[in-house]
Amino acid sequence: MNSQTPDPPGPEEPMPADVVIARAVKAHTRALLAVLAAPLALAGLGAAALSMAGPYGQDPPAVAGVSMIAQGQVLGVIAGILVGRGLFALLSGAGTPGSSDSRRAAGSGQPITVLTRTIQNLATMIKVIGAAAVLGVVVWALIDVSALAGAIVGAILVAQVAVVVALVRVGILHRALSTLPQHRST
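Residues numbered from 1 in each chain as written. Predicted model: local features only at pLDDT ≥ 70, side-chain atom pairs only at ≥ 80, totals over all residues. Heavy atoms only, no water.

Describing helix H2 (residues 60-94)
(1) Moving on: Its 35 residues place the ends of H2 51 Å apart at the C-alpha level, agreeing with the 51 Å of an ideal helix rising 1.5 Å per residue.
(2) Moving on: Within two residues after H2, Gly 95 carries a phi angle of roughly 75 degrees, on the positive side. (Helix = DSSP H or I, 4+ residues; strand = E, 2+ residues; numbered from the N terminus. Expected span 1.5 Å × (residues − 1).)

Observations regarding the environment of Ile 112
(1) Moving on: Turning to its location among the elements, Ile 112 is positioned in helix H4 (residues 110-143).
(2) Moving on: Between the C-alpha atom of Ile 112 and that of Arg 23, which follows or precedes it by 89 residues, the distance is 10 Å.

Some words on the environment of Gly 130
(1) Moving on: Among the secondary structure elements, Gly 130 is positioned in helix H4.
(2) Moving on: Gly 130 gets classed as partly exposed once you look at its relative accessible area, which sits at 32%.
(3) Moving on: Separated by 17 residues in sequence, Gly 130 and Thr 113 place their C-alpha atoms 26 Å apart. (Buried < 20%, exposed > 50% of the residue type's maximum accessible area, 1.4 Å probe, protein only.)

What to know about the confidence of the model for the protein chain
(1) Moving on: Here the protein chain shows a mean pLDDT of 87. Residues at 70 or above account for 91%.
(2) Moving on: Model confidence for the protein chain, summarised as mean pLDDT per element, is weakest for helix H3 (residues 100-107) at 82 and strongest for H4 at 95. (pLDDT = per-residue confidence, 0-100.)

In structure tokens:
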């Protein structure tokens, strides 16, 4: 039994339009799930922190920590919205597989443009999340110095959202972009 697998397309052979679109859609879908997992994890941490705080759950350190966790959740959801916006742009512009719309979208470089825009949006979001963590600590230090420890712990958890977004940006989206043929304007 001799079965030969077809050779992968070489540099001179263009990647099929449906493959280009499918890779971009898959990357966005995986990124969306990964980014939205961070706020979900923070929700569990916030609930656990309040549960462990018991009667001290309304003291300034606990309130500061939980408010910082809530901030991280909101910022994680915003990052998810940015990824979802890219996924929507891909799906709305692609048409059905094999259609002239999908060939036109891939030929115009739309999947590459959308992936690049999502990567840039997440890079900006990483900076916003970092700035929000620092700003939250400063605000809590000004409001109530006794809440500073809780704010710092919360800021560390907010920074983890930035790490998740950065890992998604590089590990999923950038890797997918590197597998796609680069569109050259003529």
